[in-house]
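Each chain is listed here by its residues.
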Amino acid sequence: MEPLVVTVSGAAGQIGYSLLPLLVNGKVFGDRKIHIRLLDINMFDIPEKLEGVRMELEDGAYPQLLSVTVCVAELEKAFKGCDVFVAVGGFPRQKGMLRKDLIAKNAPIFVEQGAAIEEFASRDIKVVVIANPANTNCLLLKSAAPSIPAENFTALTFLDHHRARSQIAMKLGVTVDAVQRTCIWGNHSITQVPDASNAVVTIDGVVKGVPDALQDDAWLAGEFISTVQKRGAAIIEARKASSAMSAANAIAIHLKTWLAVGTTGDDFVSLAVFSDGSYGVAPGIFYSFPVQCKGDGSYSIVQGLVLSKATQEAMKASEVELLQEKADADQIIASGPV
């Protein structure tokens, strides 16, 4: 089997530092050998940090790691023949910045990277975008790489998915692997819709619906949703920095599920993917859906889930936010070179 070329942007940052060992220790891509490319900007002390990360990866003696290449603002070098792109790097949100302002700062980054993907990357490249606003950054990236199929692009909502499962598991006093079929709908933002209405849990060998097991509809409709929606902000408040360890783990499991092992049985996971109109969501935006994966880079949106009126209304609000983000991005691109 041919080695994989995996490019990670923002590789000098906290998430990159936590993520990179997971990509080369065999837990994500199995026995596949890996060429890692570390992409970041040529500012401050970042080039020196990249060299330090390179040396640590080499010193880790990972059996799957074939090479580490540092790419300091070198897009051709980063994307030539790239098979997997993990887009961690982006302009961070600053105090007082509106979401439209954040899109304006990130549009040049993702349009330029998308153009490099179009020109240099493998035609079968698989992409996961983490940098916020992740869904719309993913759309910008895809729009600049028109020859790459839309289904090859995803944005990360697996961290929100993990948060939802963990909250339910802790509430019920079980391990997280006992909870299945939770999902996140919509945008990776405060409008996201954590949903456990179709979730199941195994307790003492018996499978039950999560709502039946909890017997606490008020918690599911209130505290559960708000805790998951605001978890990222709570972590920033607590550690004075955004999620890194949990984000890296979610990225690794996202890639492993999508590209290597797939989902099992009737379980599903949450990926932000290009909407095809399922559940009445407008086509043409990247929206988080419950999906099943075969483990070969393909996925299918789970159909036929019964949703409450409240869930549908919340999903619509998240869709409206994403459509506004798309309109803002279109306006920014139309106004001139980004």
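Refer to the structure printed above.
Description of the structure in this document. Note that the structure is predicted; figures quoted are calculated from it, not measured.

1. Comments concerning the pairing of strand 3 (residues 65-72)
Summarising the sheet, strand 2 (residues 34-40) and strand 3 pair through seven bridges and their orientation is parallel. Residue pairing across strands places leucine 39 opposite cysteine 71, the latter belonging to strand 3. Running through helix 2 (residues 46-59), the crossover from strand 2 to the neighbouring parallel element strand 3 is right-handed.

2. A few points about the sheet that holds strand 7 (residues 179-180)
One open sheet accounts for three strands, arranged 7-10-11; its pairing is antiparallel. Every other strand in the sheet has two partners, leaving strand 7 and strand 11 (206-209) as the edge strands with one partner each. As defined by bridge partners, strand 10 (residues 200-203) adjoins strand 11 across four bridges and the pair is classed as antiparallel. Within strand 11, the residue paired with isoleucine 203 across the bridge is valine 206.

3. Some points on the packing of helix 1 (residues 14-24) against helix 10 (residues 245-261)
Interhelical geometry of helix 1 versus helix 10 gives an angle of 35° and a closest axis separation of 8 Å. Judged by the sense of rotation from one axis to the other, the crossing of helix 1 with helix 10 is right-handed. Where helix 1 approaches helix 10, its residues Ile15, Ser18, Leu19, Leu22 and Leu23 are matched on the opposing element by Met245, Ala247, Ala248, Asn249, Ile251, Ala252 and Leu255. In the contact of helix 1 with helix 10, the residues fall into 10 nonpolar, two polar and no charged.

4. Some remarks on the pairing of strand 5 (residues 126-129)
A regular strand places its side chains on the two faces of the sheet in alternate fashion. The alternating pattern of strand 5 places Lys126 and Val128 on one face and Val127 and Val129 on the opposite face, and all of these are buried. Bridge count between strand 4 (residues 84-87) and strand 5: four bridges; the pairing is parallel. If you follow valine 86 over to strand 5, its bridge partner there is valine 128. Chirality of the crossover, the property in question, places the unit of strand 4, helix 4 (residues 99-120) and strand 5 among those that are right-handed. Relative to strand 6 (residues 153-155), strand 5 runs parallel, the two being bridged by three bridges. Within the sheet, the bridge partner assigned to valine 129 lies in strand 6 and is alanine 155. As a crossover connection, the stretch from strand 5 through helix 5 (residues 134-143) into strand 6 is right-handed.

5. A look at the packing of aromatic side chains
Aromatic ring pairs are described here by two measures, namely the spacing of the ring centres and the angle between the planes. Tallying each qualifying case throughout the model produces six aromatic pairs. An angle of 80° between the planes, with centres 4.8 Å apart, marks the rings of phenylalanine 79 and phenylalanine 85 as edge-to-face. Assigned by exposure class, phenylalanine 79 and phenylalanine 85 land together as buried. Their ring planes at 45° and their centres at 5.0 Å tell us that tyrosine 287 and phenylalanine 289 sit as a pair that is tilted. Per residue, the accessibility class of tyrosine 287 equals that of phenylalanine 289, and both read buried. Through a chain of ring-to-ring contacts, the aromatic side chains of Trp185, Tyr279, Tyr287 and Phe289 assemble into a single cluster. Of note, lysine 105 hangs over the ring of phenylalanine 91, and the distance from its end group to the ring centre comes to 5.2 Å.

6. Overview of the pattern of salt bridges
Per the stated rule, a full pass over the model turns up 12 salt bridges. With a shortest N-O distance of 3.6 Å, aspartate 160 and arginine 163 are connected by a salt bridge. On the criterion of helical spacing, the pair formed by aspartate 160 and arginine 163 is a turn pair, its members being three residues apart in helix 6 (residues 158-172). The class for aspartate 160 is buried, based on a relative accessible area of 0%. Glutamate 237 is the partner of lysine 240 in a salt bridge, and the nearest nitrogen-oxygen pair spans 3.8 Å. The pair lysine 240 / glutamate 237 is uniform in exposure class, with both members exposed.

Procedures and definitions
- Residues numbered from 1 in each chain as written.
- Predicted model: local features only at pLDDT ≥ 70, side-chain atom pairs only at ≥ 80, totals over all residues.
- Heavy atoms only, no water.
- Pairing = 2+ DSSP bridges.
- Helix = DSSP H or I, 4+ residues; strand = E, 2+ residues; numbered from the N terminus.
- Right-handed = clockwise from strand over helix to strand, strands pointing away.
- Axes fitted to C-alpha atoms, helices over the stretch in contact; angles between N-to-C directions.
- Left-handed = near helix turned anticlockwise from the far one by under 90°.
- Contact = heavy atoms within 4.5 Å.
- Nonpolar A, V, L, I, M, F, W, Y, C, P; charged D, E, K, R; others polar.
- Buried < 20%, exposed > 50% of the residue type's maximum accessible area, 1.4 Å probe, protein only.
- Phe/Tyr/Trp six-rings, centres within 6.5 Å; stacked < 30°, edge-to-face > 60°.
- Lys NZ or Arg CZ within 6 Å of the ring centre and 35° of its normal.
- Salt bridge = Lys/Arg side-chain N within 4 Å of Asp/Glu carboxyl O.

Remember, this is a structural readout, not a statement about activity or role.
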